[in-house]
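Architecture and fold: a report
One-letter residues, chain by chain:
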Amino acid sequence: MIRDDFESLYAAHSPLVWSLIRRSGSRDADGEDLFVESWEAIFAALPSFRGRAKISTWIGTIVRNTCIDRFRRNRRHAPAEGDPLEMLERGMDPDLFPPGFLPPQCSPGEEASRREVQVLVRAALGGLPPERKLIVEKWMDGFDYREIAEILQASGNARADKNFVGKQLYLAKIALFPILKKAGVDSSRDCRE
Amino acid sequence: MIKRCPTLEEISRYVDGELPPEAAREVADHLRDCPACRQRASELVSARRTLRESSVESSPPSMSPGCPDEESLLAYADISLCPAERRKIAAHLVSCARCSRLAAIASRSARFGVALAGEGLENPPPALYARTRERFFPQRPSPLGEIVAVLAELWRDFNRGAAYRMRGPGFQPVVSEPTAEFDISYAECRPLPAASREKTARSAPPPRKAVPPAPRGRVWDYPIPKGKIEVELKAAAPDAASLKIRLTGADGKPLPGVTVDLETPGRAAQTRRTGRTGRLEFRDLPPASYRLVFRLTPSRSLVVVLQ
């Protein structure tokens, strides 16, 4: 790596990296360590970046992966959870960063219960109509309605649009909700430390 | 605030961040004041998290021969692919759990970045710059420590846009001979080879009017970290000179589009931009002290002082 690359990348994207890390919940020394670690990951991967995607997207993905790797390595760094509804009000994605992607730290009993919920969810998904199942799966991956509609169109459903996806997803949630309720999913569920 | 409670479908769309901004604001206002709806929304958020956690653990990613590379998935996520390529990848995502997961994460990262930018990005503490830089360019003692220190100082000067200077035993300034009333006083100036000088002199425009015999022009070249600046000072008359500048990159190709400011006390600065050939010219310069500011990148400039 030459210094020019470092200087120009740092000048242009350090605010994004820092803001992402702050939003992941890391503060003070942890956040600063994570910041330096993220830049190490960015420059380690830089030779393989070909410029097809926007560099901000590429950097954002690396920072996110670095955060999650670190949280997984050392659970005590897992950030405190914010109020998901407050995040929504600010237009943020409440489960892009941990804790959404970090399996909660549960006792063995709670872990078993969580596995049971997953088995139930998978079984319930199997009972949905194929197209609705595809919509729920893509939504579970994290796509938004527009992107899911695009994937549906590519699979042959030319009439799929955002409203169609929203409606189907709502119906699927209604179908799945009793299972989730039965498994003990409610607003107070949180077995994280 | 909405008069009626929103439907469960509206709340579902709100929780998924899929309502238009105006409608989302109304629902948010309503949820603040309606405990029953807030409870429903919280349940939907919890259900969403449970479902997404199930997704993470239910299908371990494995790459197949038909999978696009990861950067293509990133490009899909930030909508920088052409429509045909987008359709191709979208069709692949129908059946590939691995790529679907990666593209979804990239897509959410891109949206998250846009939302953050909308809120205003936060600059990292200044101390982190030095700490990060130290990881990549550690300062090691060496027999050439003095030279390294001088180079480091040079680098800082480049970035600060400070007046250029060099110190240290290995770098004795090359003092140029006075040419008319001009003297380029910065270090490391050295004449180009004779052939190059003659070539440049031939290409110089003739004097516009009869003037007393003028001193010969001079040509220096100055190495920059990724290229070269050539400065040709030509005095057409004792009180009017022209300054020709040519910028080339490390590969020898011209550097077009670089902004150069010529500043002098008591006068407005003149600004030129290098053309396709990497050249520019300032004309009719009276005797004075000048500063040449090369704006190589938005974050980097090089200042050369001419006295």
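Residues numbered from 1 in each chain as written. Chains lettered and ligands numbered in written order. Predicted model: local features only at pLDDT ≥ 70, side-chain atom pairs only at ≥ 80, totals over all residues. Heavy atoms only, no water.

**Considerations on the overall build of chain A**
To keep things clear, this is the line we draw: By the criteria applied, helices consist of DSSP H or I runs no shorter than four residues and strands consist of E runs no shorter than two, each listed in order from the N terminus. The classification of residues rests on relative accessible area computed with a 1.4 Å probe and restricted to protein chains. Under 20% of the type maximum is buried, over 50% is exposed, and intermediate values are partly exposed. Contacts are assigned to residue pairs that have any heavy atoms within 4.5 Å of one another.
Regarding its fold elements, chain A presents 8 helices and 0 strands. Taken from the N to the C terminus, the helices and strands of chain A come in the order α-α-α-α-α-α-α-α. For chain A, with 193 residues in total, the buried portion stands at 52%. Considering only intrachain contacts with a sequence separation of at least 6, the fraction spanning at least 24 residues in chain A is 59%.

**Brief notes about the packing of aromatic side chains**
Keep this limit in mind: Stacked, tilted and edge-to-face are the three classes assigned to paired rings of Phe, Tyr and Trp, where Trp is represented by its six-membered ring and a pair needs centres within 6.5 Å; plane angles under 30 degrees give stacked, over 60 edge-to-face, the rest tilted.
Within this structure, the stated rule accounts for 7 aromatic pairs over all chains. On the basis of an interplanar angle of 90 degrees and a centroid distance of 6.0 Å, the ring pair of Tyr10 of chain A and Phe35 of chain A is categorised as edge-to-face. Residue Tyr10 of chain A is located in helix α1 (residues 3-23), and its partner Phe35 of chain A is located in helix α2 (residues 28-45); the two are separated by 25 residues in the primary sequence. Connected via pairs of aromatic rings, a cluster forms that spans Tyr10, Trp18, Phe35, Trp39 and Phe43 of chain A together with Tyr129 of chain B.

**Let's talk about the side chain of Ser19 of chain A**
Selection rule: Within 3.5 Å is the distance limit for a polar contact, defined as a pair of N or O atoms, with the added protein rule that one can donate a hydrogen and the other accept it, and that residues adjacent in sequence qualify only through two side-chain atoms.
Secondary-structure assignment places Ser19 of chain A in helix α1. The class of Ser19 of chain A is buried, set by a relative accessible area of 5%. Of note is the side chain of Ser19 of chain A, whose polar atom sits 2.8 Å from the backbone nitrogen of Glu122 of chain B. If we skip the residues at most four places from it in the chain, Ser19 of chain A touches Leu116, Leu121 and Glu122 of chain B.

**Side note on the packing of helix α4 (residues 70-77) of chain B against helix α6 (residues 97-119) of chain B**
Residues and elements named next belong to chain B. Let me state the cut-off plainly: Think of each axis as a best-fit line through the C-alpha atoms, taken over the contacting stretch in the case of a helix, with angles from 0 to 180 degrees between the N-to-C directions. Oblique is the label for any angle not under 35 degrees, not over 145, and not in the 65 to 115 range, which are roughly parallel, roughly antiparallel and roughly perpendicular in turn. Take the far helix as your reference; a near helix turned counterclockwise from it by less than a right angle gives a left-handed crossing, and one turned clockwise gives a right-handed crossing. Each residue gets one of three labels, nonpolar for Ala, Val, Leu, Ile, Met, Phe, Trp, Tyr, Cys and Pro, charged for Asp, Glu, Lys and Arg, and polar for the others, Gly among them.
In the contact formed by α4 and α6, the axes pass within 8 Å of each other and the chain directions differ by 50 degrees. Considered as vectors, α4 and α6 are oriented oblique to each other. Our pair here, α4 against α6, has a crossing hand that is right-handed. Contact with α4, carried on its side by Glu70, Leu73, Leu74, Tyr76 and Ala77, involves Arg98, Cys99, Leu102, Ala103, Ala106 and Ser107 of α6 and no other residues of that element. Across the contact of α4 with α6, the residue classes break down as 8 nonpolar, 1 polar and 2 charged.

**Let's talk about helix α1 (residues 8-15) of chain B**
All names here are of chain B. Most of α1 is tucked away, with 6 of its 8 residues classed as buried. For α1, every residue scored as buried is listed here: Glu9, Ile11, Ser12, Arg13, Tyr14 and Val15. Positive phi appears at Gly17, one or two residues downstream of α1, with a value of about 70 degrees.

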